Amino acid sequence: MKRRDFLGAAAGAIALPGVVTAARAADAIEWRMATCWPKGAPGVGVNAQRLADRIGAMSGGRLRVKLYGADEIVPPFEVFDAVSRGVCEMGHGTPYYWQGKNPAFHYFTGVPFGLTAPETAGWLAHGGGQALWDEAYAPFGVLPFYAGSSGVQAGGWFKREIKTLDDLKGLSFRIAGLGGEVMRRLGTTVVLTPPGEIFTSMKTGTIDAAEWVGPWNDIAFGLNKVAKYYYLPAFHEAGPSLELMVSKEKFETLPDDLKEIVHGAALASAAETLADFTFHNIEAFAQLVAAGGTELREWPEPVAAAMAEASQEVLAELAGSSDLAGRIALSYRDYLAKAREWSKWSDAAMLKLRNSHPAG
């Protein structure tokens with residue numbers, strides 16, 4: 001399937017019904033949502049649009065949100081600033097894109113060898129994570145709302161096989177988040193290429209390897225056409241979070257029912273987004289395997305061990321960077337330790353049982 005066809009099929013297959021348009025009163029509130037993603041990009045762009053549309057539908061048109069893709073209002077990595085400065089009322093992105101504001105933001109996207117998507121949702125909703133996230137964003141006048149996850153991501157596409165740590169040295173690797181710092185310490189040159197430029201950068205040789213999301217997005221962006229080796233899973237993104245950012249000043253002007261609608265729409269988007277990624281990653285992975293030509297790889301054990309060791313160093317430094325970072329780290333680590341124990345007897349055990357004894 002051609003990239004253009006795939007993108008069109010993905011967007012068309014999951015289009016929302018039209019937004020309720022009955023309420024067109026002159027006093028209807030109109031907001032703008034800037035996003036980090038190309039408009040209509042599978043998973044991220046489409047679900048940002050669904051979220052904007054849902055707010056309009058749930059409010060009966062009283063709060064209408066117009067979505068703008070990457071670069072239509074601001075570049076992808078300036079969306080947080082746009083919301084903070086009041087350039088737009090809303091933004092859709094992921095917290096680690098703004099780590100220059102506060103490195104503790106990484107915890108709210110996810111950290112190496114960290115929480116899965118359901119575990120993250122649990123920590124935020126019931127484990128004190130949301131209150132810490134609110135505190136972290138408060139100095140910037142931004143309110144964060146959890147808006148879902150892509151689930152377990154892929155480790156990346158490489159033009160040559162990685163057998164030892166030496167094979168990483170000197171590679172120019174597009175990788176985001178703390179995973180980038182880990183890979184830098186293992187000898188790669190890290191480049192945070194904006195999503196819309198990854199394919200071209202790989203094709204032209206500007207970068208040697210790239211991680212983006214997972215099979216659905218990676219195939220849609222054509223990464224399987226420019227690299228042969230596909231490493232799974234991503235050591236640094238077990239369940240990275242997406243977010244709806246809202247200007248605190250603008251949010252506080254809304255009546256209570258519209259505030260609840262924004263919150264409720266984000267919650268609905270969180271569930272819908274994870275379902276969307278789960279379904280389409282399964283489908284896209286089947287297509288990838290059937291097409292042939294891609295070499296699937298797990299990280300070699302010495303490489304994985306080095307990733308874990310470097311991750312411990314990076315996370316220790318992050319936890320010590322401020323009082324807030326330390327408190328977030330403590331909350332996250334305590335919950336992660338419990339999650340590891342439970343997952344051994346729940347998800348991990350069930351998957352082992354299911355895969356060893358297929359009955360379906």
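Here, the structure is the one placed above.
Residues numbered from 1 in each chain as written. Predicted model: local features only at pLDDT ≥ 70, side-chain atom pairs only at ≥ 80, totals over all residues. Heavy atoms only, no water.

Chemist: So what exactly am I meant to see when it comes to the overall build of the protein chain here?
Modeler: Regarding its fold elements, the protein chain presents 14 helices and 11 strands. Among the 360 residues that make up the protein chain, the fraction classed as buried is 51%. For the protein chain, long-range pairs separated by at least 24 residues make up 78% of all intrachain contacts whose partners lie at least 6 apart in sequence. Taken as a whole, the protein chain presents about 16000 Å² of accessible surface, with 56% of it coming from carbon and sulfur. Of the side chains in the protein chain, 34 bear a positive and 40 a negative charge, and the two mean positions are spaced by 4 Å. (Helix = DSSP H or I, 4+ residues; strand = E, 2+ residues; numbered from the N terminus. Buried < 20%, exposed > 50% of the residue type's maximum accessible area, 1.4 Å probe, protein only. Contact = heavy atoms within 4.5 Å. Areas by Shrake-Rupley, 256 points an atom, 1.4 Å probe, with all protein chains shown as cover. Lys, Arg positive; Asp, Glu negative; His and termini not counted. Charge placed at Lys NZ, Arg CZ, Asp CG, Glu CD.)

Chemist: I keep staring at the packing of helix 13 (residues 323-345) against helix 14 (residues 347-356) and nothing clicks. Help me out?
Modeler: What describes two packed helices is the angle between their axes and the distance between those same axes. Remark: helix 13 packs on helix 14, axes separated minimally by 3 Å, with the N-to-C direction vectors making an angle of 25 degrees. Taken together, helix 13 and helix 14 sit at an angle that is classed as roughly parallel. For the pair helix 13 and helix 14, contact is made by Ser343, Lys344 and Trp345 and by Asp347, Ala348 and Ala349, respectively. (Axes fitted to C-alpha atoms, helices over the stretch in contact; angles between N-to-C directions. Parallel < 35°, antiparallel > 145°, perpendicular 65-115°, else oblique.)

Chemist: Quick question: what am I supposed to make of the pairing of strand 1 (residues 29-35) here?
Modeler: Within a regular strand, the side chains alternate between the two sheet faces. Looking at chain direction, strand 1 and strand 2 (residues 63-68) are connected through six bridges and run parallel. Following the sheet pairing, Ile29 is matched in strand 2 by Leu63. By the bridge criterion, three bridges tie strand 1 to strand 3 (residues 90-93) in an arrangement that is parallel. Within strand 3, the position partnered with Met33 by the bridge is Met90. (Pairing = 2+ DSSP bridges.)

Chemist: Teacher, can you tell me more about the sheet that holds strand 4 (residues 142-149) here?
Modeler: Two pairing modes exist for strands in a sheet, parallel and antiparallel, and in both the strands are linked by backbone hydrogen bonds. Spatially, five strands are ordered 2-1-3-10-4 in an open sheet, and the strand pairing comes out mixed. Across the chains shown, the open sheet's two edge strands, defined by having one partner strand only, are strand 2 and strand 4. Recorded for the sheet is a direction-independent mean angle of 25 degrees between the axes of neighbouring strands. Helix 2 (residues 44-58) contacts strand 1, strand 2, strand 3 and strand 10 (241-247) of the sheet and is inclined by roughly 165 degrees relative to strand 2. Along the sheet, helix 6 (residues 129-137) contacts strand 4 and strand 10; its crossing angle with strand 4, the most-contacted strand, is approximately 135 degrees.

Chemist: Where do I start with the nonpolar core in this structure?
Modeler: Judged by nonpolar contacts, the single largest core of 81 residues is most densely connected at Trp98, Tyr137 and Phe158. With residues up to four places along the chain from it excluded, the contact list for Trp98 reads Cys36, Pro76, Phe77, Glu78, Val79, Phe80, Gly93, Phe105, Tyr137, Glu243 and Met245. Listed in part, the 21 residues of the second largest apolar core include Trp31, Ala52, Val65 and Leu258. (Core = buried A, V, L, I, M, F, W, Y, C linked by side-chain atoms within 4.5 Å.)

Chemist: Help me understand the packing of helix 6 against helix 13 in this model?
Modeler: Between helix 6 and helix 13, whose axes approach to 11 Å, the crossing angle comes to 160 degrees. Between helix 6 and helix 13, the crossing angle belongs to the class labelled roughly antiparallel. Judged by the twist between their axes, the crossing of helix 6 over helix 13 is left-handed. Residues Leu132, Glu135 and Ala136 of helix 6 touch helix 13, and the partners they reach there are Leu324, Arg327, Ile328 and Ser331. (Left-handed = near helix turned anticlockwise from the far one by under 90°.)

Chemist: Just to check I follow, could you spell out the side chain of Asp276 for this structure?
Modeler: Following the sequence through the fold, Asp276 ends up in helix 11 (residues 256-291). In this structure Asp276 comes out as buried when scored by relative accessible area, which is 6%. Of note is the side chain of Asp276, whose polar atom sits 3.3 Å from the side chain of Arg50. (Polar contact = N/O pair within 3.5 Å; in protein donor to acceptor, adjacent residues only side chain to side chain.)

Chemist: Teacher, can you tell me more about the layout of surface pockets here?
Modeler: Over the atoms, a rolled probe matching the size of one water molecule traces out where space is still vacant. Size it by volume and the largest pocket reaches roughly 1600 Å³. Along its surface, the largest pocket is lined by 40 residues, and Thr116, Val152, Pro233, Ala238 and Leu351 are the ones closest to its centre. When contributions to the lining of the largest pocket are tallied by element, the ones reaching two or more residues are helix 5 (117-126), helix 11, strand 11 (295-297), helix 12 (301-319), helix 13 and helix 14. The class makeup of the residues in the lining of the largest pocket is 24 nonpolar, 10 polar and six charged. (1 Å grid on protein atoms, 1.4 Å probe; cavity = no way out; pocket = protein on both sides within 12 Å on 5 of 7 lines; lining within 4 Å. Points joined across faces, edges and corners; volume = space filled by probe spheres on them. Nonpolar A, V, L, I, M, F, W, Y, C, P; charged D, E, K, R; others polar.)

Chemist: Would you mind going over the sheet that holds strand 8 (residues 209-210) with me for this structure?
Modeler: Judged by pairing direction, the sheet is mixed, and its six strands sit side by side in the order 7-6-8-5-9-11 without closing on themselves. Each end of this open sheet is capped by a strand with a single partner; those strands are strand 7 (189-191) and strand 11. Examined bridge by bridge, strand 5 (residues 156-158) and strand 9 (residues 229-231) share three bridges and lie antiparallel to one another. Residue pairing in the sheet places Phe158 in a bridge with Tyr229 of strand 9.

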